[in-house]
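These are the residues of each chain, in order.
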Amino acid sequence: MKIAEMKINEYLDILKSEAPAPGGGSVSALSAAQGVGLVSMVAELTIGRPKYAEYEALCKEVEEEAWQLHEKLVTYIDKDTEAFSMVSKAYKMPKESEAEKAARSKAIADATLVATQVPFDTLQLCAEGLRLTEKLVGKSNPNASSDLGVAALNLLAGIKGAWLNIKINLPNVKDEGEKAKFMEGKKIIVEAESLAAKIYAQVAASL
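Residues numbered from 1 in each chain as written. Predicted model: local features only at pLDDT ≥ 70, side-chain atom pairs only at ≥ 80, totals over all residues. Heavy atoms only, no water.

Of the regular secondary structure elements, the protein chain holds seven helices and zero strands. Counted from the first residue to the last, the protein chain has its helices and strands arranged as α-α-α-α-α-α-α. Taking the principal axes of its C-alpha atoms as reference, the protein chain extends roughly 75 × 35 × 25 Å. Taking the intrachain contacts of the protein chain between residues at least 6 apart in sequence as the baseline, contacts between residues at least 24 apart amount to 75%. Of the roughly 11,300 Å² that the protein chain leaves accessible, carbon and sulfur atoms contribute 57%. Taking the average place of the 25 positive charges on the side chains of the protein chain and the average place of its 29 negative ones, the gap between the two points comes to 4 Å. (Helix = DSSP H or I, 4+ residues; strand = E, 2+ residues; numbered from the N terminus. Contact = heavy atoms within 4.5 Å. Areas by Shrake-Rupley, 256 points an atom, 1.4 Å probe, with all protein chains shown as cover. Lys, Arg positive; Asp, Glu negative; His and termini not counted. Charge placed at Lys NZ, Arg CZ, Asp CG, Glu CD.)

See the structure below:
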């Protein structure tokens, strides 16, 4: 069964067990999906209310983008666990002969690349989510403004968690071009921290 299809208690039971997956990568994607879900909720609580008619078009646009982003992030909850399984499987390959060693080495490199790409994708999706969150601050139902602050916190947790999962895999990424691409995540992190702090401060000040 896919993690995204589990009941909450089932997921939490596995998470707290000795099973190595799901781990931090899946949790990061889930945190981000929750954040984007809150953004969608705030848009929903604004749309159709005459009192907030001036925000109608913006909220409809954000809601559509948030739904699409949410669907993507949900898939990454399982993609991260699948990537971890690929790496584990590669390390368990036989290494008696030179041919086996070569095959194992290639499998590890390929799996590690996937295991690094997945959190990098998650990181980028989180950044998109933060930009969507910012659009609704001060331009949506004020009764749900605190939810935008919580959304920003969840998305920041997702993005910083994804970065840790990128970093732990980077030493084993052999392709220097790919490694340089993944290092761009550091810049995204800095921008995300600044934006999340701005969103949180604006929301807190409005309460």
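Closest axis-to-axis distance for the helix 4 (residues 98-136)/helix 5 (residues 145-169) pair is 8 Å, and the angle between their directions is 160 degrees. In terms of orientation, helix 4 lies roughly antiparallel with respect to helix 5. Two packed elements cross with a definite hand, and for helix 4 against helix 5 that hand is left-handed. The class makeup of the residues in the contact of helix 4 with helix 5 is 16 nonpolar, eight polar and no charged. (Axes fitted to C-alpha atoms, helices over the stretch in contact; angles between N-to-C directions. Parallel < 35°, antiparallel > 145°, perpendicular 65-115°, else oblique. Left-handed = near helix turned anticlockwise from the far one by under 90°. Nonpolar A, V, L, I, M, F, W, Y, C, P; charged D, E, K, R; others polar.)

Inspection of every chain in the model, using the stated rule, returns nine salt bridges. We note a salt bridge from Glu 98 to Lys 101, for which the minimum N-O separation is 3.7 Å. In this pair, Glu 98 and Lys 101 are both assigned in helix 4, three residues apart and thus about one turn of the helix distant. Residue classification places Glu 98 among the exposed residues on the basis of a relative accessible area of 61%. In this structure Lys 101 comes out as partly exposed when scored by relative accessible area, which is 40%. (Salt bridge = Lys/Arg side-chain N within 4 Å of Asp/Glu carboxyl O. Buried < 20%, exposed > 50% of the residue type's maximum accessible area, 1.4 Å probe, protein only.)

Direction vectors running N to C along helix 2 (residues 24-44) and helix 4 enclose 25 degrees, while the axes themselves pass 10 Å from each other. Relative to helix 4, the element helix 2 is oriented roughly parallel. Here the hand of the crossing between helix 2 and helix 4 comes out left-handed. Residues Ala 29, Ala 32, Val 36, Val 39, Val 42 and Ala 43 of helix 2 form the contact with helix 4, whose own contacting residues are Thr 122, Cys 126, Gly 129, Leu 132, Thr 133 and Leu 136. Considering only residue class, the contact of helix 2 with helix 4 consists of nine nonpolar, three polar and no charged.

This part takes up the nonpolar core. Among the nonpolar cores identified, the biggest contains 56 residues, and Leu 73, Leu 123, Leu 130, Leu 136, Ile 159, Ile 166 and Ile 199 are the most heavily contacted of them. Of all the secondary structure elements, the ones that give two or more residues to this core are helix 2, helix 3 (56-91), helix 4, helix 5 and helix 7 (185-206). Setting aside anything within four residues of it in sequence, one finds Ile 159 in contact with Leu 123, Cys 126, Ala 127, Ile 188, Ile 189 and Ala 192. (Core = buried A, V, L, I, M, F, W, Y, C linked by side-chain atoms within 4.5 Å.)

For the rest of this paragraph, the subject is the environment of Met 183. Note on placement: Met 183 falls in helix 6 (residues 176-183). Classification of Met 183 by relative accessible area gives partly exposed; the value is 37%. When the C-alpha atoms of Met 183 and Val 27 are compared, they prove to be 21 Å apart, with 156 residues separating the residues in sequence. In contact with Met 183, not counting residues within four places along its chain, are Trp 163 and Leu 170.

It is worth spelling out the side chain of Glu 63 at this point. Summarising the element assignment, Glu 63 is placed in helix 3. It is Lys 60 that comes nearest to the buried, bridge-free Glu 63 among opposite-charge side chains, at 8.0 Å. Those residues within four positions of Glu 63 in sequence are excluded, and the remaining contacts are Ser 40, Ala 43, Glu 44 and Ile 47.

A complete count under the given rule lists one aromatic pair for this structure. Geometrically, the ring pair formed by Phe 120 and Phe 182 is edge-to-face, given 5.5 Å between the ring centres and 70 degrees between the ring planes. With Phe 120 in helix 4 and Phe 182 in helix 6, the pair connects residues that are 62 residues apart, well separated along the chain. On the basis of relative accessible area, Phe 120 is assigned to the buried category, the value being 5%. Lying over the aromatic face of Tyr 76, Lys 79 brings its terminal NZ or CZ to 4.4 Å of the ring centre. (Phe/Tyr/Trp six-rings, centres within 6.5 Å; stacked < 30°, edge-to-face > 60°. Lys NZ or Arg CZ within 6 Å of the ring centre and 35° of its normal.)

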